[in-house]
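Descriptive analysis of the structure
In case you want the letters, here they are:
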Amino acid sequence: MEAYIGEADQASHARFGPTARNAVMYGEPGRAYLYLVYGMHTCLNVVTEPVGRPAAVLVRAVHLDAGVDAARALRRRQESRLKRFRRDPALAGALEARLAATPRERLASGPGLVGAAFGLDPALTGLDLCDPRSRLRLEAGALGPGERIGTTARIGIDYAGHPWVDRPWRFVIAGDPAASGPRRLA
DNA sequence: GCAAGGATATCG
DNA sequence: GATATCCTTGCA
């Protein structure tokens, strides 16, 4: 995951102040903020700070312990909607083969892949991720034996410039094959 | 290395 | 309204 904190953070969607898109970042913590990136991928964020302080954590990858078949089915359904697959039936077959060959650690190993594997949509923005009745929710977890969390710089935010590009605000289970981006730490 | 892909923020 | 940009991915 990656943290984006405050309007001063030049990598955050809040850097331009409140807008229609990022409004939920200014609201209650524990809500979902989902947005479309590069015209095709839905990214999941969790609002993290009290009302009035825009901040969120981007979920860059999920290590699936269950629901592997469901994740494959959702990815197939979601990705086959992309224009290039609708245009070319042969590509759709290739997608099927690629998904079948994708190990569980790689089914949700990227922010866009998390969105696809969970069947997420920007319309879910505002969902209370702490409400046990929500279709999508956060639950307490624990690190496995021998697992440790390390930090790195955030990914894909070169436009932010210094010092933001260097902030160690990406958090990753060291060596986790389900992580996206660098898994080994300096 | 780069195209795909559409919403967004900013400028005119 | 036009345009540059984007918290990405998979294939050349």
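Scope of this entry: the structure provided in the associated data block. Residue numbering note: each chain is counted from 1, following its sequence as written. As a convention, the first chain written is A and the first ligand written is 1, with the rest following in written order. Totals for whole chains, interfaces and linings use every residue, but because this is a predicted model, local features are given only for residues with pLDDT of at least 70 and side-chain atom pairs only at 80 or more, for both listing and counting. Think of the side-chain values as coming from all heavy atoms in the structure, minus any hydrogens and water.

1. What to know about the nonpolar core
One recurring pattern in soluble globular proteins: nonpolar side chains tend to sit buried together. We define the nonpolar core as a collection of buried residues of types Ala, Val, Leu, Ile, Met, Phe, Trp, Tyr and Cys that are connected through side-chain atoms lying within 4.5 Å of one another. The cut-offs for exposure are 20% and 50% of the maximum accessible area for each residue type, with area from a 1.4 Å probe on protein chains only; residues under the lower value are buried, those over the upper are exposed, and the others partly exposed. Residues L34, L44, V59, V62, L64, L107 and L120 are the most contacted members of the largest nonpolar core, which totals 21 residues. For this core, the secondary-structure elements that each account for two or more residues are β2 (32-37), β3 (41-47), α1 (68-79), α3 (89-101) and α4 (111-117). Two residues qualify as a contact provided that any one of their heavy atoms is within 4.5 Å of a heavy atom in the partner residue. Sequence-distant contacts of L64, defined by excluding residues within four places in its chain, comprise A71, R104, L107 and F118. Note on conventions: DSSP H or I runs of at least 4 residues are helices, E runs of at least 2 residues are strands, and numbering of each starts at the N terminus.

2. What to know about a nonpolar patch on the surface
Patches here are clusters of residues that have more than 30% relative accessible area and form no salt bridge, with a 9 Å joining cutoff for like charges and a 5 Å cutoff for nonpolar side chains (Val, Leu, Ile, Met, Phe, Trp, Tyr). In this description, accessible areas are obtained by the Shrake-Rupley approach with a 1.4 Å probe, and a residue is regarded as covered only by the protein chains that are shown. Each salt bridge in this description consists of a side-chain nitrogen of Lys or Arg and a carboxyl oxygen of Asp or Glu lying within 4 Å of one another. Together, M1, L143, I149 and F171 make up an exposed nonpolar region whose accessible area comes to about 380 Å². Following the sequence through the fold, I149 ends up in strand β5 (residues 149-152).

3. Concerning unusual backbone geometry
A cis amide bond, omega 0°, links H162 with the succeeding residue P163. Structurally, P163 can be placed in the loop between β5 and β6 (170-173). A positive phi angle, close to 55°, is found at Y38, a residue other than glycine. By secondary structure assignment, the location of Y38 is in the loop between β2 and β3. Under the relative-accessibility criterion, Y38 is labelled exposed at 68%.

Geometric values such as these leave the question of function open.
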